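Chain and residue survey
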Amino acid sequence: MTGEKTRIGVYICDCGLNILGVVDVPSVVQYAATLDNVVAAKEYKYMCSDPGQDIIKKDIKELKLNRVVVASCTPTLHERTFRTTVSTAGLNPFLFHMVNIREAVSWVTADKKRATEKAKTLVKAGVMRVTLQEPLEPKTEPVAPGILVIGGGIAGIHASLALANAGTKVHLVEREPSIGGNMARFDKTFPTLDCSACILTPKMTTLRVHPNISLYSYSEVVGIEGYVGNFDVIVERKPRYVNEDLCIGCLKCIEACVYKDARFPNEFDLGLAKRKPIYIPFPQAVPTKVLIDPDDCLYLKLGKCKQTCADACEKDAIDFKQKPERVNLKVGSIIVATGFKTFDPKRKPQYGYGVLPNVYTALEAERLLSPTGPTEGIPRLQDGTMPKTVGIIHCIGSRDENTNVYCSKVCCMYSLKLAHLMKERTGAEVYNFYIDMRTTGKGYEEFYKKLLEEGVRFVRGRVAELTTAPLSKGEKGKLIVRVEDTLAGYVRRIPVDMVILSVGLEPQNDAQELRRMLNLSCGKDGFFIELHPKLAPVSTATDGIYIAGACQGPKDIPDTVAQAGAAASEALALVHRGVVEIDPYVAVTDEDLCSGCQICVGLCPYFAIEYDAEKKVSRVKDVMCKGCGVCVAACPSGAIDQKHFRDAFVLAEVAGVI
Amino acid sequence: MDKTPRRIIGLIRAGFKDEVLSSISPWICTSCYSCTVECPAKIKITDIMFVVKRMAMQEKSYRRFVIPDIEEEFVRMVRKNGRLTESKMGIKVARKSGIGNLLSMVPLAWKLMRHDRLKLFHTERMVNIDELRTVLEAMETGPRVTLPAKPPVVPTGHHQEVTA
Amino acid sequence: MAQAVSPPIQTTEAEAERPAFEPKIVAFFCNWCTYAASDLAGISRMKYAPNVKIVRVMCSGRIDPSFVIEAFRSGADGVMIGGCNPGDCHYKEGNYKTMRRYMLLSRMLQDFGIEKERFRLEWICASCARELQETVDKMTTELKRLGPLDWKGV
Amino acid sequence: MREYLYYPGCSLKGIGGPYEQSLLSAFSKLGVKLTEIADWNCCGATAYMSVDANMAIALAARNLAIAERSDGQDIIAPCSGCYLSLTKAKAMLEQYPELRAKVVGALGQASLRYTGRSNVRHPLEVLMTDIGAKELKKLVTKPLKNLKVVPYYGCAILRPYEAVSDPHAPTVLEEMISLAGATPLDYPYKGRCCGGMLTSGVQTVGLRLAEILLEAAKSAQADVIVTTCPLCHYNLECYQDKLRKSTGKEFGVPVMYFTQMLGLAMGLSEEEVGMNRLLRKPAIAGVTA
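Residues numbered from 1 in each chain as written. Chains lettered and ligands numbered in written order. Predicted model: local features only at pLDDT ≥ 70, side-chain atom pairs only at ≥ 80, totals over all residues. Heavy atoms only, no water.

1. Re the overall build of chain D
As a reminder, the rule being used: Strands here mean DSSP runs of E at least two residues long; helices mean DSSP runs of H or I at least four residues long; both are numbered from the N terminus. Two things to know: the radius of gyration comes from C-alpha atoms, and the globule rule equals 2.2 Å times the number of residues to the power 0.38. With a 1.4 Å probe rolled over the protein chains alone, any residue whose accessible area is under 20% of its type maximum counts as buried; one over 50% counts as exposed, and the rest are partly exposed. We call two residues contacting when some pair of their heavy atoms lies within 4.5 Å. Surface accessibility follows the Shrake-Rupley procedure with a 1.4 Å probe radius. Residue values consider only the protein chains on display as shielding. Asp and Glu count as negative and Lys and Arg as positive, but His and the ends of the chain are not part of the count. We put the charge of a Lys on NZ, of an Arg on CZ, of an Asp on CG and of a Glu on CD.
Looking only at helices and strands, chain D features 13 helices and eight strands. Against the globule reference of 19 Å for 289 residues, chain D gives a C-alpha radius of gyration of 19 Å, in line with a compact fold. If one aligns the C-alpha atoms of chain D with their principal axes, the spans along those axes are about 55 × 45 × 30 Å. Within chain D, the proportion of its 289 residues that are buried is 66%. In chain D, of all internal contacts separated by at least 6 residues, the share reaching a separation of at least 24 is 75%. When the accessible surface of chain D is summed, it comes to about 9600 Å², and 51% of that surface belongs to carbon and sulfur atoms. Distance between charge centres in chain D, computed from 31 positive and 27 negative side chains, equals 2 Å.

Below you can see the structure in the form of structure tokens.
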């Protein structure tokens, strides 16, 4: 290319009215034409469209362009598109530069004149930068065949099965002793009132025996290194104190435990039922293996116990000496399906959760309604009687500037489901206190209508408070719901026996830790952010990592399953391609300039720089360099530079923007 | 309360100025601020009630009843003495709410006097009332500062189709 | 709270005729957090001062002190560096290096008479569009108050 | 020695007399000096704010300006209404520069200077944070054993400013009650309005609010309701007769100030804390004898 005259084509996109509505594009084109080395400057309605790309291709061939600048949206959106465009026309893709005049100009600038000026300045800087750019070859690397799925709720289960059925090796990591997630806690699902266990359990057992799936239950991902195609994962398996390979799930040990009564709160039942120190979380648990809680077990706590459980085990599976174990995995991509937690209603003291009797969260109500739950599916009050009236209060913690501003999406529907089941099981009069009914799924509005016909009562109004202080005889011993009935136009006091708080969905407590480990982004609400809300809904800003289910935002089971399938297909596409292209923005040393001080060696977080003691120079190992450029900025002799981000390129851009 | 706070806010947003300014609800508000700390939309309802009351006062469009009268009486007394004399205020209030009410308060007043908490002929007042008057008069010169900067009531609204 | 009321800014007639000073600010943003925040600001249609021109780098750790000095030398009135929050760096710890470099460089620039308001380091996460908008506007306002930088170089 | 400025407000000079009396004797027992703000004026209360906000703020600001003369001292405003008016005025003067300019100018006409440097505090919060539970505990010589107390905060010290305690789940008064050796009852309406001005203006509403509070206190089998505000005290104490006539309910719940409770626990006599000025005295073992 040396000696050849620089010929630059500049293409300015109107983006419909997105750019044109604010920036005077024709004047930017006119201006671009006057810049050094620019041989063509053109405007088009949508540069990213086929005809738009064709203009560029044609010009490269006919006008013999050897540099291209496109001024349009953010490079995160279309840099790859245009690189492909220029390379199909025979130009090296790295002789292209993209200038952002939409997200960085037209959408963020109020004054049209100043927006146009800014666009001109940025185009000038882009032209100055591209003039210096050099051709590069993209790096390709093989993709490891396995896929890691984090989280064994319905999202993780569905994604794992989809991948495994396609012949891919899956590693599923679940932190609880059993997979199944929250769906396993539900009795029925809305709006079809399918039995949750009946549709979930077969999937769980299929997963357990699937030859392509390695299940790590009661385990957590504690470390992830690497990048798309090549992730090194460390999984920590918490000790069950029961050898998983030997345990056959006969449950004789539980029977034999020295504790004759179950007296420790069962996590699966949210503390509403009790279990022994040695237990199985719920009957359909997968894997069907017992475990021992070291905080409750006499032997593990005090070192003293008759160990009747071990005696009862015919397989000698009980192992009090078990220690946490670490497993190293190599995977090509990762699906994050870590789910949600429910809003803690103690943050809204006016609803008396934890203080007043017979006030439950919706998830607790699911257990009360489950045949395997503490009341065997017939909800009872704390005194053992059946409730005659039940109040379900919507939007707890949701749509509230003081807590979560977002709508949790599933609560209206699950509240309707709970109302139906409550009425069906107890015959109670059920009130729903709602702000708006949001029933926007298939068959959802019909379900709402059905409940209206069933005689479930609906009061539109945000409940002010729940109190036990009666103002009349009829209110004595009741929970009184104070609410402005905005349809009737009165402030009402409605006495009920039981209250269900329809708590919203929140990100898991440790979502931030996982976010850091995986280099993901979270929104203001703490849920993981997708790469693009419309066109890349399960991808993330980190290549090779996909998200599915409620860790991305509140969603119901159908949406979760659909997303899990989408994430599986994205991950599969990557693994099947077998290779991944990586931007070659690596650091390079000029051995003539290197003084051998080795400052860079210590700075590199990837150990990608080695010191050649013989020649007394440092050298960057291409394959290990991730292209951050930290060493470049630190080199005291100016001997290191970064491909595509050379000092000269950045400085040209700086000179351009001033 | 003829209109709930939610309705008052709704009417303001829809531009029903007359309906809002003639409502007794803002005057019934004891400014306990419960709504303000609880509002899921962080609307400062109590402060808006104050704005509505002030606008109604300025435009003389409030419904005449005991509360606005008390508040005006309060202001008069403070301007005169710099402080409030509860006994005198009490008598005025009781008188405004009817002769029956006034009489019904007599036993209580008597009790309070006996417990040294009410002095019938005492007036609570500042020493240097002129200083306070100087400040208040200075406040009255020049334009009034509107609080909040943008008043919440929009000027016109579509009116109800049917009035029952 | 030392001063009861800050006096209104007085404009003389001569000043009023001159076009208002618009500072030039170069913003080096890392690709993963702050540049993503600027994209989000765009998508959310948040308006901010057009004085800021963004130069994208992969990591704030790539920002060579010479970039900053060069920017000031060629006429920038302010330079902003935007990176990921501590602990959130896409390249593990590039931003820590940025922080150390920034502190040194900031002191050095102050010695050369460049006010510290002219050179800022901001951690702005990918979803922090609002912060981005506020920071950019605040810096622009501050620089308007400080006036143009008349720097002849080191 | 700790020193504070004291802003009594109109009520403490009248119906709230026992509050002033017990506050002054309790603080003097603690060795804390309270200096009454010289020639203070009415805080403006809610009434002035309803008529004219500019004037209401100026009224409150004059008190703050006078307080600033005693440099660095915090203002103790025992009446919740005064506490809120003064705090609010200060906040609004920060929030609205235009208003501040006007008020500063008007105060200037009377040679008063306002900078906004004095803090407004409620005595409950001063006792629990500045003096501290540990120090107070030492001085409790006559714990009020077996006394079941309803902690009643009312509105103005809890909302909308959060300086005294958590507006949703306040605890500081309960701590004070326990400290005095008494038992704080679980009371659902501890931050609910007492009726405010409505008890005299619109009795159908005002007395109803007082009734709800008294009813709940009675059903909690309270020996006494402890309040932090003269208006709450008046509404809850003085309307019990009237409520009996209108509703037929006999409440018979005594109401006292937290400063009276603390004073008694610290060994002050009934007279010193003005117990004889209450319409109905709580039965406190070992005190009344």
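2. Side note on the overall build of chain B
Of regular secondary structure, chain B possesses 10 helices and zero strands. In chain B, the order of α-helices and β-strands from amino to carboxyl end is α-α-α-α-α-α-α-α-α-α. At 19 Å, chain B has a C-alpha radius of gyration far larger than the 15 Å of a compact globule built from 164 residues. Here the analysis covers contacts within chain B between residues at least 6 apart in sequence; of these, 61% occur between residues at least 24 apart. In the form shown here, chain B has an accessible surface area of approximately 8800 Å², with 58% of it arising from carbon and sulfur atoms.

3. Some thoughts on the sheet that holds strand β5 (residues 148-151) of chain D
Residues and elements named next belong to chain D. What counts here: Each pair of strands is called paired provided DSSP finds at least two bridges between the two strands.
Taking strand neighbours across the sheet as the criterion, the four strands line up as β6-β5-β7-β8 in an open arrangement whose pairing is parallel. Each edge of the sheet is formed by a strand with only one pairing partner; in this case those strands are β6 (183-184) and β8 (255-257). Alignment of β5 against β6, held across two bridges, turns out to be parallel. Residue pairing in the sheet places Val-149 in a bridge with Pro-184 of β6.

4. Let's talk about the sheet that holds strand β12 (residues 230-237) of chain A
Sheets are built from strands paired through backbone hydrogen bonds, the pairs being either parallel or antiparallel. All names here are of chain A. Filter applied, for reference: The axes used here are C-alpha line fits, helices contributing only the stretch in contact, and every angle between their N-to-C directions lies in the interval 0 to 180 degrees.
Overall, antiparallel pairing links the three strands, which are arranged β11-β12-β17 in an open sheet. Each edge of the open sheet carries a strand with a single partner, namely β11 (219-227) and β17 (325-331). Here the average twist between neighbouring strands, direction ignored, is 20°. Relative to β17, β12 runs antiparallel, the two being bridged by seven bridges. Pairing of Val-233 across the sheet is with Leu-329, part of β17.

5. Here's the deal with the domain arrangement of chain B
Interfaces are often described in size by the accessible area the parts lose on coming together. Residue and element names in this part refer to chain B. So the rule is basically this: Where each domain starts and ends comes from a domain assignment, either automatic or drawn from a database. Put simply, buried area is how much 1.4 Å-probe accessible surface two parts lose in total, over both of them, once they are put together. Counted as salt bridges are all cases of a side-chain nitrogen of Lys or Arg within 4 Å of a carboxyl oxygen of Asp or Glu. Within 3.5 Å is the distance limit for a polar contact, defined as a pair of N or O atoms, with the added protein rule that one can donate a hydrogen and the other accept it, and that residues adjacent in sequence qualify only through two side-chain atoms. Gly is put with the polar residues, along with every residue not named as nonpolar or charged; the nonpolar set is Ala, Val, Leu, Ile, Met, Phe, Trp, Tyr, Cys and Pro, and the charged set is Asp, Glu, Lys and Arg.
Split by domain assignment, chain B resolves into domain 1 (1-63) and domain 2 (64-140). In this structure, domain 1 and domain 2 have C-alpha centres spaced 26 Å apart. With six residues of domain 1 in contact, the opposing surface of domain 2 contributes six residues. Of the roughly 640 Å² buried where domain 1 meets domain 2, counting both sides, 64% is carbon and sulfur surface. Considering only the surface of domain 1 that becomes buried against domain 2, Trp-27, Tyr-62 and Arg-63 emerge as the three largest contributors, covering 68% of it. The interface formed by domain 1 and domain 2 holds zero salt bridges in total. One can count two residue pairs in polar contact (both at pLDDT 80 or more) joining domain 1 with domain 2. Broken down by class, the residue content of the side of domain 1 that touches domain 2 amounts to four nonpolar, no polar and two charged.

6. Focus: the pairing of strand β22 (residues 429-434) of chain A
Residue and element names in this part refer to chain A. Selection criterion: Handedness of a crossover is defined as follows: orient the strands so they point away from the viewer, and if the path from the first strand over the helix to the second runs clockwise, the crossover is right-handed.
Across the six residues that make up β22, a large majority, five, are buried. Relative to β22, strand β21 (residues 389-396) is paired through five bridges, and the arrangement is parallel. Among the inter-strand pairings, Ile-393 is bridged to a residue of β22, identified as Phe-433. A crossover connection joins β21 to the parallel β22 through helix α12 (residues 411-426); in handedness this β-α-β unit is right-handed. Examined bridge by bridge, β22 and strand β23 (residues 457-460) share four bridges and lie parallel to one another. Opposite Tyr-434, over in β23, you have Arg-460 as the bridge partner. Crossover handedness for the path β22 to helix α13 (residues 444-454) to β23: right-handed.

7. Thoughts on the interface of chain D and chain B
Across the contact, 64 residues belong to chain D and 61 residues belong to chain B. Here chain D and chain B share an interface that buries about 5500 Å² over both sides, 65% of which is from carbon and sulfur atoms. Joining chain D to chain B, the criterion identifies seven salt bridges. Counting across the chain D and chain B interface gives 30 residue pairs in polar contact (both at pLDDT 80 or more). Looking at the side of chain D that touches chain B, its residues break down into 36 nonpolar, 16 polar and 12 charged.

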